[in-house]
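Okay, here's what each chain looks like letter by letter:
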Amino acid sequence: MSKFAAVTIATLMLMAVFVSAASAATSVNTVEIRSPVFSGDALSDITVDFDYTEFAGFYYEIDDDIGSEAMSIDNTKVDDPRTITDGGLIYTTVIQQVGYEFDEWVANDQYPKMGFLAQEYVPVNDKPDVLSKLLLDNDDKYTLRVGQTLDLGEGYTLTPKQIDVEGDKVWLELSKDGEYLDDEVITVTDSDVDNSTWDYEEDDVGGEDDVVIMRAHVNEVFQGQVDSLAVIEGLWLISNEPMEIAGDDEFDELEVTNVGTNSLTLANKDDITLSADDEFVIAGDISIKTADSDDVRFYFMKVITEPGTHEVRSSVAEGDADFDYSSFAGFYYDLNDNLYSEELSIDSDLSSDERTIEENDLTYTTTLQYVDYEFDEWVANDQYPKMGFLAEEYVPVNDKPDVLSKLLLDNDDKYTLRVGQTLDLGEGYTLTPKQIDVEGDKVWLELSKDGEYLDDEVITVTDSDVDNSTWDYEEDDVGGEDDVVIMRAHVNEVFQGQVDSLAVIEGLWLISNEPMEIAGDDEFDELEVTNVGTNSLTLQNTDDITLSADDDLLLAGNMNIKVADSDDLRYYLYAEYTIGNVTEPTEPVTPGEETPVTPGEETPVTPGEETPVTPGEETPVEETPTNETETPDTPGFEAIFAVAGLLAVAYLVRRN
């Protein structure tokens, strides 16, 4: 093989790596963690009593089977059909003692922890009414040189001032917000881990003295090629500004009714009415969502908006189990119409002594459902098919359960655009008004993907005919299917602003034109397709699956199984969802390597937030005149530049 051919093949391989890496990231705007679903004709018919094993929003530690929070409704304190009277909604939480992530600390090897309103706290000096945020608890390694600063969070930083390799000593300094707090000389000894640990204490922390704020263990000091280096392994940190709780304190709809020696109880101070189609905060991060239905149907939930990767887990199982929408929030569920799609059952005589799911004993099924568009003014074609598949939501193309397209958009937000202004729809699709005729109530729209023209349409805006004001864009050969509606876009209004003619788009629906095609015998990690029905799919395990202690295994797609590090069998399903563009942490440098890790790399940087074109606003955006047409960002340019550079190298090699 010639040098040129070899380099070209290598270049193409790298091109594939770059492109796949660019397209691998998947993100969502919010993550909703829901409780079991409760339903009945009236509240008195419904039993509401759940805890951390059933609601993933509550604190839970699977290895030691430790949880803290529970919620219930006293059926003697309800006013049918929908009102919880004063004191009827009861929330309790109890202190638990948990182990540090750095498990080599022998003295003080546990610390108190308590969930409170779906957040994790450390009770200061075991007081349930003095709760401090847990900022750090890890056993990661951080290799630092003299003067290098490690960011611990909430303004705290740790810095080696001097390192004595021969004497096995390191002088550490702790600061907060740039101000000196304290310092300590640590002698590193393998035989005495606690002697190599700095416990930093403060007084008057929520009225408490001798409060350990930080624990930092120095594992090793050594001489690099240039610098003396210290390895910190084992960090624990809480906030020194705790929340102090007193009896009768109010948290949204709940007030504190009892402060025990190791627990808190809260109940509703006023009547709570579960009106249809409502969503409201109960207390802290706990909310209630009700169905738009005559039936009383609702669930409790925790909504996460913080950038990062978040786990949504099922209820906890200790043997054979059945999981559905009510026990696993990762499965698709429509509360208003009580529609669900996915179910998973394990029937294999599982126990603490028998941990193997035998062949075909795990069965996953999913069924196509018809759901309403978010923009409910579409009369013709007012529903579309939807199906959960491996804890992700899809649209079956032309009602085919084996041709699944990603649902990219389904909303009734308002977007106000001027001529030439581009609306990013996702996955490279963009929508642009080319011309707006206010007098004729018309707008000329153009649809593009990755900067390439796809189609255009002139829409006549009429209040009396919503479907006539809607553009249904179709494509052929989408997963082998023709006449596939890829996008629906409704134009609600055109009007004259102070400077520009403007169009208001209200009602958008979009799916990917690159669906996943599924066939019998297709394998998805541990599962294989065993049946493709007219409106359903069935998958089973074709090999044994062993749930070993402390295991974390990918089952299929976005479904995973987490197993407790325990002699007792205990496990749950979970799915992971990413908000924003999270930077993967860099692995810390191990002792003996020449270059120390930059401190803080273990903590992901704050991802950049995408700014949409004024969704939901009634008034037009940026009515100042402009002569430039906004063009959407085209993904994949980084890969193109990299490949171009590699081709240049290949050319030079060829010339040589």
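Up top is the structure.
In this report, we go over the structure that sits alongside the text. (Residues numbered from 1 in each chain as written. Predicted model: local features only at pLDDT ≥ 70, side-chain atom pairs only at ≥ 80, totals over all residues. Heavy atoms only, no water.)

Right, let's get into the overall build of the protein chain. The helix and strand inventory of the protein chain stands at 2 helices and 54 strands. The buried share among the 656 residues of the protein chain stands at 47%. Long-range contacts, defined as pairs at least 24 residues apart, comprise 55% of the intrachain contacts of the protein chain with a sequence gap of at least 6. For the protein chain, the accessible surface area stands at approximately 31000 Å², while carbon and sulfur atoms represent 41% of it. (Helix = DSSP H or I, 4+ residues; strand = E, 2+ residues; numbered from the N terminus. Buried < 20%, exposed > 50% of the residue type's maximum accessible area, 1.4 Å probe, protein only. Contact = heavy atoms within 4.5 Å. Areas by Shrake-Rupley, 256 points an atom, 1.4 Å probe, with all protein chains shown as cover.)

With that out of the way, let us pick up empty space enclosed by the protein. The rolling of a water-molecule-sized probe over the atoms marks out the regions of remaining empty space. For the coordinates displayed, the defined rule picks out 1 cavity of 30 Å³ or more. When its volume is computed, the largest cavity comes out at roughly 40 Å³. Of the residues contributing to the lining of the largest cavity, the split by class is 4 nonpolar, 5 polar and 3 charged. (1 Å grid on protein atoms, 1.4 Å probe; cavity = no way out; pocket = protein on both sides within 12 Å on 5 of 7 lines; lining within 4 Å. Points joined across faces, edges and corners; volume = space filled by probe spheres on them. Nonpolar A, V, L, I, M, F, W, Y, C, P; charged D, E, K, R; others polar.)

For G40, the location among the structural elements is in strand β2 (residues 38-40). Spatially, the C-alpha atoms of G40 and F298 are 9.6 Å apart, while their sequence positions differ by 258 residues. Setting aside residues no more than four positions away along its own chain, G40 makes contact with I46, D295 and V296.

A few words on the environment of E354. Relative to the helices and strands, E354 resides in the loop between β33 (342-346) and β34 (356-357). You can call E354 partly exposed: its relative accessible area is 34%. A distance of 3.1 Å separates the side chain of E354 from the backbone nitrogen of T356, its partner in a polar contact. (Polar contact = N/O pair within 3.5 Å; in protein donor to acceptor, adjacent residues only side chain to side chain.)

So, about unusual backbone geometry. In this structure, P81 follows D80 across a cis peptide bond, with omega equal to 5 degrees. With respect to the secondary-structure elements, P81 resides in the loop between β7 (78-79) and β8 (83-84). In this model, D126 sits at a positive phi of 65 degrees, which is unusual for a non-glycine residue. If you trace the backbone, D126 turns up in the loop between β12 (119-123) and β13 (130-145). The class for D126 is partly exposed, based on a relative accessible area of 39%. A positive phi angle, near 55 degrees, is found at D441, a position not held by glycine. Looking at the secondary structure, you find D441 in the loop between β41 (429-437) and β42 (442-449). By relative accessible area, which is 34% here, D441 ends up partly exposed.

Under the definition given, this model contains 17 salt bridges. E120 is the partner of K113 in a salt bridge, and the nearest nitrogen-oxygen pair spans 3.0 Å. We note a salt bridge from R215 to D199, for which the minimum N-O separation is 2.7 Å. Here R215, found in strand β19 (residues 211-223), pairs with D199, found in strand β18 (residues 197-202); they are 16 residues apart in sequence, far enough to count as distant. Beyond isolated ion pairs, a larger network of salt bridges with shared partners links D194, D199 and R215. (Salt bridge = Lys/Arg side-chain N within 4 Å of Asp/Glu carboxyl O.)

Now for the sheet that holds strand β17 (residues 179-187). Taking strand neighbours across the sheet as the criterion, the 4 strands line up as β14-β15-β16-β17 in an open arrangement whose pairing is antiparallel. Unpaired on one side and paired on the other, β14 (150-153) and β17 mark the two borders of the sheet. Averaged over all pairs of adjacent strands, the angle between strand axes in this sheet comes to 25 degrees, irrespective of strand direction. Note: strand β15 (residues 156-164) against strand β16 (residues 169-176), 8 bridges, orientation antiparallel. Bridging across to β16, Q162 finds its partner in W171. (Pairing = 2+ DSSP bridges. Axes fitted to C-alpha atoms, helices over the stretch in contact; angles between N-to-C directions.)

Once that is clear, we can look at the nonpolar core. Judged by nonpolar contacts, the single largest core of 87 residues is most densely connected at F298 and Y571. If you tally residues by element for this core, the top one is strand β54 (residues 571-579), at 7 residues. One finds Y415, M487, I505 and L510 within the second-largest nonpolar core, a separate group that totals 40 residues. (Core = buried A, V, L, I, M, F, W, Y, C linked by side-chain atoms within 4.5 Å.)

Looking now at the packing of aromatic side chains. If you walk through the whole model with that rule in mind, you get 33 aromatic pairs. With centroids separated by 6.2 Å and ring planes inclined at 55 degrees, the aromatic side chains of F331 and Y364 adopt a geometry described as tilted. Taken together, the residues span a long stretch of sequence, with F331 in the loop between β30 (321-323) and β31 (333-334) and Y364 in strand β35 (residues 362-367) at a distance of 33 residues. Overall, F331 belongs to the buried group, its relative accessible area being 1%. Members of the aromatic cluster, connected to one another through ring pairs, are F38, F50, F55, F58, Y91, F116, Y121, F251, F298 and F300. Looking at K133, its charged tip hangs above the ring of Y121, at a distance of 5.0 Å from the centre. (Phe/Tyr/Trp six-rings, centres within 6.5 Å; stacked < 30°, edge-to-face > 60°. Lys NZ or Arg CZ within 6 Å of the ring centre and 35° of its normal.)

Read across the sheet, 3 strands follow the order β7-β8-β25 without closing on themselves; strand pairing throughout is antiparallel. Every other strand in the sheet has two partners, leaving β7 and β25 (272-273) as the edge strands with one partner each. Where β7 and β8 come together, 2 bridges link them in antiparallel fashion. What sits directly across from V78, in β8, is I84.

With that settled, the discussion passes to the side chain of D334. Position of D334 relative to the elements: it lies in strand β31. Buried and without a salt bridge, D334 has K386 as its closest oppositely charged side chain, separated by 6.2 Å. Setting aside residues no more than four positions away along its own chain, D334 makes contact with L339 and V371. (Lys, Arg positive; Asp, Glu negative; His and termini not counted.)

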